[in-house]
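Geometric and topological summary
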Amino acid sequence: MQRIDNIINDKRFRTRIDVIRNEEKNRIFCRHGYDHILEVARLSYIFALEKGIIGKDGLISKEVIYAAALLHDIGRFTDLEEKMDHRNAGPFIAEPILRDSGFSEVETELILDAIRRHGDNTSDPDSLAGILYKADKASRECFICDAYDECNWPEEKKNHSLI
């Protein structure tokens, strides 16, 4: 998975994840550093395998799934967030990283769309965005979180099961 190695070794990617980790170091709620994005990547891949969508339309591959998951929160704690949600800010940062990592135009657009829609439960559950949404939610351990009562997320967004 050379293109994934290109992403994780990209200075812009590493800098962004380090900023996110630093901003959240004292946060009692869910964090969005390496642990989170790797868990979302692995869960996304498992869900895609279970649904049989790897190779669907020749676009959804293991690398595409991992790229979307690794970059899905990249827009957090940016100047862009003053104007838009991190899901909309993320594609501005992710696009050059994807292109420089060797993803095609079609793959890049698919990944950027998934980043934009990863918080949207109305997505097609068999799409890359739908898989990413499910994995992002499943990665949260709300059901055992010490900060559950202090969390301002609505109950329907909290994860109350293992998967």
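Residues numbered from 1 in each chain as written. Predicted model: local features only at pLDDT ≥ 70, side-chain atom pairs only at ≥ 80, totals over all residues. Heavy atoms only, no water.

1. A short note on the overall build of the protein
Quick note on the threshold: The secondary structure listing takes helices from DSSP runs of H or I that are at least 4 residues long and strands from runs of E that are at least 2 residues long, numbered from the N terminus. Our radius of gyration is a C-alpha quantity, and the globule rule it is checked against amounts to 2.2 Å times the number of residues to the power 0.38. Think of it in three bands: residues with accessible area under 20% of the maximum for their type are buried, residues over 50% are exposed, and the middle band is partly exposed, with areas taken using a 1.4 Å probe on protein chains only. Contact criterion: two residues are considered in contact whenever any of their non-hydrogen atoms come within 4.5 Å of each other.
If you tally the helices and strands in the protein, you get seven helices and zero strands. Starting at the N terminus and ending at the C terminus, the protein contains elements arranged as α-α-α-α-α-α-α. In terms of overall dimensions, the protein is globule-like: its C-alpha atoms have a radius of gyration of 15 Å, near the 15 Å expected for 163 residues. Split into buried and exposed, the 163 residues of the protein put 44% on the buried side. Sequence separation of at least 24 residues holds for 59% of the intrachain contacts in the protein that already meet a minimum separation of 6.

2. What to know about the side chain of histidine 32
This is how it is decided: Polar contact criterion, stated in full: a pair of N or O atoms within 3.5 Å, where within protein one must be able to donate a hydrogen and the other to accept it, and residues adjacent in sequence count only if both atoms are side-chain atoms.
Take histidine 32: it is sitting in the loop between α2 (11-23) and α3 (34-51). Residue histidine 32 is classed as buried on the basis of its relative accessible area, which comes to 4%. A polar contact is formed between the side chain of histidine 32 and the side chain of arginine 76, at a distance of 3.3 Å. What histidine 32 contacts, discounting residues up to four positions off in sequence, is Ile20, Glu24, Arg27, Ile37, Asp73, Arg76 and Arg140.

3. What about helix α7 (residues 128-138)?
Most of α7 sits out of view: nine of its eleven residues are buried. Turning to α7, its buried residues are Leu128, Ala129, Gly130, Ile131, Leu132, Tyr133, Ala135, Asp136 and Ala138. Close packing links the buried residues of α7 with α3, α4 (62-71) and α6 (105-117).

4. Let's talk about unusual backbone geometry
Its identity is not glycine, yet phenylalanine 77 carries a phi of approximately 55°, on the positive side. Its place among the elements puts phenylalanine 77 in the loop between α4 and α5 (86-101).

5. Details of the packing of α2 against α5
Filter applied, for reference: Lines fitted to the C-alpha atoms define the axes, with helices restricted to the stretch that makes contact. Angles between their N-to-C directions range from 0 to 180 degrees. Residues are grouped as follows: nonpolar covers Ala, Val, Leu, Ile, Met, Phe, Trp, Tyr, Cys and Pro; charged covers Asp, Glu, Lys and Arg; every other residue, Gly included, is treated as polar.
One way to put it is that α2 packs onto α5 with a least axis distance of 9 Å and a crossing angle of 145°. Only Ile93, Pro96, Ile97 and Asp100 of α5 make contact with α2, whose side of the interface consists of Arg12, Phe13 and Arg16. For the contact of α2 with α5, a count of residues per class yields four nonpolar, no polar and three charged.

6. Concerning the environment of valine 40
Position of valine 40 relative to the elements: it lies in helix α3. The spatial distance from the C-alpha of valine 40 to the C-alpha of lysine 137 is 8.6 Å, given a sequence separation of 97 residues. Each residue touching valine 40, except ones within four places of it in the same chain, is listed here: Ala69, His72, Leu132, Ala135, Asp136 and Ser139.

7. Section: the confidence of the model for the protein
To keep things clear, this is the line we draw: The quantity called pLDDT is the predictor's confidence in a given residue, expressed from 0 to 100.
Across the protein, the average pLDDT comes to 89, with 97% of residues at 70 or higher. At the level of individual helices and strands, the protein shows its lowest average pLDDT in α7, which scores 92, and its highest in helix α1 (residues 2-8), which scores 98.

8. Brief notes about α6
Note the following rule: An expected span of 1.5 Å times one less than the residue number is assigned to each helix. Here, the arc refers to the directions that run from the helix axis to the C-beta atoms.
Taking 1.5 Å of rise per residue, 13 residues should cover 18 Å, and α6 covers 18 Å from first to last C-alpha, within 8% of that figure. Taken as a whole, α6 has its buried residues at Glu107, Thr108, Ile111, Leu112, Ala114 and Ile115. Angular distribution of buried residues about the axis of α6 spans 160°; they occupy a single face of the element. Those residues of α6 that are buried lie in contact with α1, α4, α5 and α7.

9. Some words on the nonpolar core
The condition that has to hold: Working definition of a nonpolar core: buried Ala, Val, Leu, Ile, Met, Phe, Trp, Tyr and Cys residues. They are joined through side-chain atoms within 4.5 Å.
Membership of the largest hydrophobic core comes to 38 residues, with the highest contact counts inside it found for Ile7, Phe13, Leu71, Leu98, Phe103, Ile111 and Leu128. When contributions to this core are tallied by element, the ones reaching two or more residues are α1, α2, α3, α4, α5, α6 and α7. Ranked by residue count, the leading element in this core is α4, at eight residues. Ignoring any residue separated from it by four or fewer positions in sequence, one finds isoleucine 111 in contact with Val64, Ala67, Ala68, Leu98, Phe103 and Leu128.

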